Amino acid sequence: MKELLKVKHLHKKFGENVVLNDIDLVVNKGEVVVVIGPSGCGKSTFLRCLNGLEKVQGGVVTVDGLPVEPDKKSIIKLRQKIGMVFQSYELFPHLSVIDNLILAPTKVQKRNKEEVIREAIELLEKVNLVEKKDFFARQLSGGQKQRVAIVRALLMHPDILLFDEVTAALDPEMVHEVLQTMLNLAKSGSTMIIVTHEMNFARAIADRILFFDKGEIVEQTDDVKAFFEKPKTKRAQRFLSTFSYS
Amino acid sequence: MQSLGIDVLLKGSNFSRLLQGLYVALEISFVSVTISILLGLIVGVLMTLKNPILCFILKIYLEVVRIIPQMVLLFVVYFGTTRVFGMDLLAETSAIIVFVFWGVAEMGDLVRGAIKSIPTIQFESAYALGMNKFQVYVYIILPQTLRRLIPLSINLITRMIKTTSLVVMVGIVEVLKVAQQIIEANRTTSPNAAFGVFGVVFIMYFLICWPISRLSIYLEKRWA
């Protein structure tokens, strides 16, 4: 198995406030890692450190052997290998769906425009949005916007995809369509790191679970089923119990 | 009812002189507005970059422009520079310098505000796609900024057009000055000319500024 993403002794502080404390992680190619944990535990910040949106105070992140360094020129190339999808979709409001999709592949990667459009249409077909290609973000529902955002990330042909609570702002029905899209991606062998509060989804998609609390990885396991039935640590037990009612 | 005094404009070449005056006013406005918008965009972007020295200088510049009345600036540039620097500036040039000095500051501040109003995460999602700073500004931030700027900058443009009437003070014969001349010359024959002629000047300014503000409403709706 090929190691794609490596995190070593990652430290992140906001002022005096320690957000991530000595995080280590290795993600192999094709693996789906799901990060769960209470709000404010640092999981979103963790994702943002992986593509250099946050500066870190210590440790290294490497993707494909190359270090992620926010202030260096190399970050531009590196970010093309790392797709990111945000909770609030962040489509560009002044561009149509198709222009949102082809902007970075044509301007950043300088790929042939016709080919990128063709590929964009194919991907839009897969997520049932091809008839919306000339719409603007404001004319789409949340779930549609999020699927467009996922396609936008995919079109860059990233090696790894980061999902930051991508369904947190969606209605239940829309959550389903977005999660289905992600499940299909996982099946096709994409490498993904997913931050989510959808426990059933985490269970269905994860090859590995990371449980974060207070800036640390408290529990990490490949035995996803066992984790959800009986987590080893007290903190994870307490966290999971908040999702069930009796 | 008394005569409205518009008839004066029909005498001789009075009306075409008034139009020429209007042309002078518009020429100064057009040149000043164009330069102000272009430089204002640059200054606005500079204000959002986190360079403390640059920020400090630009802040002082903005404050200076806010504090000093345009007329004082105009006098300083037109009359003041002549002896001190031995410069013989044309009145029109002085006027354009002053209006640009003012317009760039205000436009820059509008641009800064418009850029600031774009959520940080829009920058981040663009960076996450591998864009460099230049690409992020050109493809993502500035186009959105421009849409937000339209109503604000239209307001500035119409204000600048109106304020060109100050240039009378440095001897430029623009529409208001021509109007005065016409009124003075016909004081005895048409004592009511002040109402009619200034009224026509009023309508002229209205006819120029109104379409501009309609355009802004149209663009706002189209890009909303």
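Source: prediction; values computed, not measured. (Residues numbered from 1 in each chain as written. Chains lettered and ligands numbered in written order. Predicted model: local features only at pLDDT ≥ 70, side-chain atom pairs only at ≥ 80, totals over all residues. Heavy atoms only, no water.)

S.K.: So what exactly am I meant to see when it comes to the sheet that holds strand 5 (residues 66–67) of chain A here?
M.R.: Residue and element names in this part refer to chain A. What the four strands build is an open sheet, ordered 2-1-4-5; its pairing is antiparallel. In this open sheet, the two strands that pair with only one neighbour each are strand 2 (17–28) and strand 5. Where strand 1 (residues 3–14) and strand 4 (residues 58–63) come together, five bridges link them in antiparallel fashion. In the sheet register, V7 faces strand 4, and the bridge partner there is V61. Here helix 1 (residues 43–50) sits on the sheet and contacts strand 1, strand 2 and strand 4; the angle it forms with strand 1, its principal contact strand, is near 120 degrees. (Pairing = 2+ DSSP bridges. Helix = DSSP H or I, 4+ residues; strand = E, 2+ residues; numbered from the N terminus. Contact = heavy atoms within 4.5 Å. Axes fitted to C-alpha atoms, helices over the stretch in contact; angles between N-to-C directions.)

S.K.: Please explain the UniProt feature "transmembrane region" (unreviewed entry) in chain B as it appears in this structure.
M.R.: Residues and elements named next belong to chain B. Following the UniProt record, the feature "transmembrane region" (unreviewed entry) maps to residues 20–48, 60–79, 85–105 and 193–212 here. Helix makes up 71% of residues 85–105 and strand 0%. Its end C-alpha atoms lie 24 Å apart. In the segment residues 193–212, helix accounts for 100% and strand for 0%; the C-alpha atoms at its two ends are 29 Å apart. (UniProt positions renumbered as here; feature names shortened; annotations may be inferred.)

S.K.: Help me out: how do you make sense of the domain arrangement of chain A in this one?
M.R.: The accessible area lost on association of the parts is a frequent measure of interface size. All names here are of chain A. For chain A, the domain assignment lists domain 1 (1–43 + 50–77 + 211–246) and domain 2 (80–189). Facing the 13 residues of domain 1 at the interface are 11 residues of domain 2. Between domain 1 and domain 2, the buried area comes to about 1,000 Å², and carbon and sulfur atoms account for 67% of it. There are two salt bridges connecting domain 1 and domain 2. Our count for the domain 1 to domain 2 interface comes out at two residue pairs in polar contact (both at pLDDT 80 or more). Those elements that provide at least two residues to the side of domain 1 that touches domain 2 are strand 1, helix 1 and helix 2 (74–79). (Domains from an automatic or database assignment. Buried area = accessible area lost by both parts, 1.4 Å probe. Salt bridge = Lys/Arg side-chain N within 4 Å of Asp/Glu carboxyl O. Polar contact = N/O pair within 3.5 Å; in protein donor to acceptor, adjacent residues only side chain to side chain.)

S.K.: What am I meant to see in the interface of chain A and chain B here?
M.R.: With 23 residues of chain A at the interface, the matching set in chain B holds 19 residues. The interface formed by chain A and chain B contains one salt bridge. We note a salt bridge from B:E124 to A:R48, for which the minimum N-O separation is 2.7 Å. At the junction of chain A and chain B, the tally comes to five residue pairs in polar contact (both at pLDDT 80 or more). Only helix 2, strand 6 (82–85) and helix 3 (97–107) of chain A provide two or more residues apiece to the side of chain A that touches chain B. Among the elements that make up the side of chain A that touches chain B, the one with the highest residue count is helix 3 of chain A (three residues).

S.K.: Where do I start with the UniProt feature "domain: ABC transmembrane type-1" (unreviewed entry) in chain B in this structure?
M.R.: The sites that carry the UniProt feature "domain: ABC transmembrane type-1" (unreviewed entry) are, in the present numbering, residues 22–216 of chain B. Taken as a whole, residues 22–216 of chain B contains 82% helix and 0% strand, while its terminal C-alpha atoms sit 23 Å from one another.

S.K.: Help me out: how do you make sense of a positive patch on the surface in this one?
M.R.: Residues and elements named next belong to chain A. On the surface, a cluster of positive charge is made up of K214, K230, K234 and R238. On the secondary structure map, K234 appears in helix 9 (residues 234–241). Residue K234 is classed as exposed on the basis of its relative accessible area of 62%. (Patch = residues over 30% accessible without salt bridge, like charges linked within 9 Å, V, L, I, M, F, W, Y side chains within 5 Å. Areas by Shrake-Rupley, 256 points an atom, 1.4 Å probe, with all protein chains shown as cover. Lys, Arg positive; Asp, Glu negative; His and termini not counted. Charge placed at Lys NZ, Arg CZ, Asp CG, Glu CD. Buried < 20%, exposed > 50% of the residue type's maximum accessible area, 1.4 Å probe, protein only.)

S.K.: How should a nonpolar patch on the surface be read in this particular structure?
M.R.: A cluster of nonpolar residues, B:I53, B:F56, B:I57, B:I60, B:V64 and B:F101, forms a patch on the protein surface that exposes about 560 Å² of accessible area. The biggest single contributor to the nonpolar patch is helix 2 (residues 52–67) of chain B, with five residues.

S.K.: Please clarify how the pattern of salt bridges should be interpreted in this entry.
M.R.: For side chains of opposite charge, pairing can occur when their charged atoms come near one another. Residue and element names in this part refer to chain A. Counted under the stated rule, the structure contains 22 salt bridges over all chains. Residue E3 pairs with K6 through a salt bridge whose shortest N-O separation is 3.3 Å. What makes E3 partly exposed here is its relative accessible area of 43%. In this structure, K72 engages E69 in a salt bridge whose closest nitrogen and oxygen atoms are separated by 3.2 Å. Given a relative accessible area of 47%, K72 falls into the partly exposed group. If you follow the salt bridges from partner to partner, you end up with K2, D64, K81 and D159 in one network.

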